[in-house]
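Residue-level structure breakdown
Here are the chains, one letter per residue:
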Amino acid sequence: MVSLEAILLTSFVLSAEVRMTTEADRRAKLDLQIDMLAEQELTAILRSPKAIADHSGIDLRAVVPDLSELTSDTRIDRLSKRLADAEKNASASA
């Protein structure tokens, strides 16, 4: 009887863990989408003062040296590849 109870409790716990993992994956995907939209919006916001400064003949590179990188589109595929390479290097050195 005790073994049967342990099996049932284990199955309930595993079922709950699967549901929690699925929900965490959904949240992570939603967070990624929100972060990507925020990145696009911030890039667009930074382009406006840059365009005004360019039109006025003001060079903002002295104030913000990496302005060209900040105002360029973020390539998710390149970022993903860099993260995967960094994980491979970290696991290889460990």
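Since this is a predicted model, take the numbers as computed values, not measurements.

It is worth spelling out the overall build of the protein chain at this point. What the protein chain contains, in helices and strands, is 3 helices and 0 strands. Mapped in sequence order, the helices and strands of the protein chain form the string α-α-α. The C-alpha radius of gyration computed for the protein chain amounts to 24 Å, which surpasses the reference 12 Å derived for 94 residues by more than 25%, pointing to a less compact arrangement than a globule. Counting only C-alpha atoms and orienting by the principal axes, one finds that the protein chain spans roughly 85 × 30 × 20 Å.

So, on to the side chain of T43. In this structure, T43 sits in helix α1 (residues 2-56). Filtering out sequence-adjacent residues up to four positions away, T43 remains in contact with L70, T71, S72 and D73.

The next point concerns the side chain of T71. Position of T71 among the secondary structure elements: in the loop between α2 (67-70) and α3 (76-93). Among the residues examined, T71 registers a relative accessible area of 8% and is labelled buried. With near-sequence residues (within four places) excluded, T71 lies in contact with T43, L46, R47 and K50.

The rules behind each value
- Residues numbered from 1 in each chain as written.
- Predicted model: local features only at pLDDT ≥ 70, side-chain atom pairs only at ≥ 80, totals over all residues.
- Heavy atoms only, no water.
- Helix = DSSP H or I, 4+ residues; strand = E, 2+ residues; numbered from the N terminus.
- Rg over C-alpha atoms; globule rule 2.2 N^0.38 Å.
- Contact = heavy atoms within 4.5 Å.
- Buried < 20%, exposed > 50% of the residue type's maximum accessible area, 1.4 Å probe, protein only.

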